[in-house]
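Each chain, written out:
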Amino acid sequence: LLKMQVENAKESFPFKTLTLKPREYFFLIQIDFEDKDAEFSVKVVKNMLDQAVTSFLGLVGKGLSLNVLKADSSAKTAIVHTEEKNLNAIWGAMTLFSRFEDKHVRIRVIKSSSFLLSLSDEVGPPS
Amino acid sequence: MVRIKHRYILTEIGFEDEKERRKIDTSKLYWTIRNSIQLHFGDFGMGSLLSSLQVKYWNKETGICIIRCSRDQYQLCWSSLTWVTNMFETNSPVSMRVIHVGGTIKMCLRSALEYDRSSLLLECAKEEEEED
């Protein structure tokens, strides 16, 4: 009887739903400096984010995966890549970071997405 | 009023030099653990553990101590204890081994008695083997 019930259920529900969660996340961040002529490069942004994560999360935070993919010196924006499980911790560390090389600094997350393409300004509804 | 829940971590502290054990008191232990949390977990660890972190019991003779921490972050505290390598102020090499984690001090003390009993039995067995 149980086998017949299972077979009937398979016949009535032929479709199955699979949920795939993303493993990686990308941030588009904007960095506001106190000194407007401050140097801005991938190396500087990586150094800043390492300090932010270390002060907020300690040595354990230093071991979290964090990559700076691109830094735009004209708009003072950068694209950061991290894993989905570290998302909240790294976002919080960036938001709470306020001093870099004895000067005030502010990191704002403008966009976050599991797809790199959605961070681009050109993506939008079709005209 | 919601009850604040804690965890009590029974720890054995091993010293390289046995004389150093008698110089240690609860405040030095507290600062050692606190510095370890600050180093390994930063501001996040300090904020989540500092309000409930306390050294409840320390025995200089046996090297057993009971540390209180919050229930939600007891694993943070446990790993900070494991990563302790030097004592505060004296910088003497030290290692901390967690024996039992309990919800009450009573269960921790019971576990400490069982641990002492088993280690005494082991020592007696070793002495008998050496005599033989």
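Summary of the structure given here. What you are looking at is a predicted structure, and each value in this text was computed from that prediction instead of being measured.

## Some words on the sheet that holds strand 4 (residues 94–102) of chain B
All names here are of chain B.
Next, step 1: Read across the sheet, 4 strands follow the order 2-3-1-4 without closing on themselves; strand pairing throughout is antiparallel. Of all the strands in the sheet, just strand 2 (54–59) and strand 4 have a single pairing partner and so form its edges. Ignoring which end each strand starts from, the neighbouring axes of this sheet average 25° apart.
Next, step 2: As defined by bridge partners, strand 1 (residues 6–15) adjoins strand 3 (residues 64–70) across 7 bridges and the pair is classed as antiparallel. If you follow Thr11 over to strand 3, its bridge partner there is Cys65.
Next, step 3: Across the face of the sheet, helix 2 (residues 26–49) comes into contact with strand 1, strand 2, strand 3 and strand 4 while running at roughly 150° to strand 2.

## A few points about the pattern of salt bridges
Next, step 1: The full count for this structure, using the stated rule, is 9 salt bridges over all chains.
Next, step 2: For Lys85 of chain A, the salt bridge identified is with Glu83 of chain A, shortest N-O distance 3.6 Å.
Next, step 3: Note on Glu83 of chain A: relative accessible area 30%, which makes it partly exposed.
Next, step 4: The salt bridge partner of Glu18 of chain B is Arg21 of chain B, with a shortest N-O separation of 2.2 Å. Highlighted residues: Glu18 of chain B and Arg21 of chain B, both in helix 1 (residues 18–21), separated by 3 residues, approximately one helical turn.
Next, step 5: Classification of Glu18 of chain B as partly exposed rests on a relative accessible area of 44%.
Next, step 6: Connected through salt bridges with shared partners, the residues Asp32, Arg106 and Arg108 of chain A form a single ionic network.

## Details of unusual backbone geometry
Next, step 1: Located in the positive-phi region is Lys76 of chain A, a residue other than glycine, with phi close to 55°.
Next, step 2: If you trace the backbone, Lys76 of chain A turns up in the loop between strand 2 (66–72) and strand 3 (77–83).
Next, step 3: Positive phi outside glycine occurs at Glu89 of chain B, with the angle close to 75°.
Next, step 4: Structurally, Glu89 of chain B can be placed in the loop between helix 3 (74–82) and strand 4.
Next, step 5: Classification of Glu89 of chain B by relative accessible area gives exposed; the value is 58%.

Scoring rules and cut-offs
Residues numbered from 1 in each chain as written. Chains lettered and ligands numbered in written order. Predicted model: local features only at pLDDT ≥ 70, side-chain atom pairs only at ≥ 80, totals over all residues. Heavy atoms only, no water. Pairing = 2+ DSSP bridges. Helix = DSSP H or I, 4+ residues; strand = E, 2+ residues; numbered from the N terminus. Axes fitted to C-alpha atoms, helices over the stretch in contact; angles between N-to-C directions. Contact = heavy atoms within 4.5 Å. Salt bridge = Lys/Arg side-chain N within 4 Å of Asp/Glu carboxyl O. Buried < 20%, exposed > 50% of the residue type's maximum accessible area, 1.4 Å probe, protein only.

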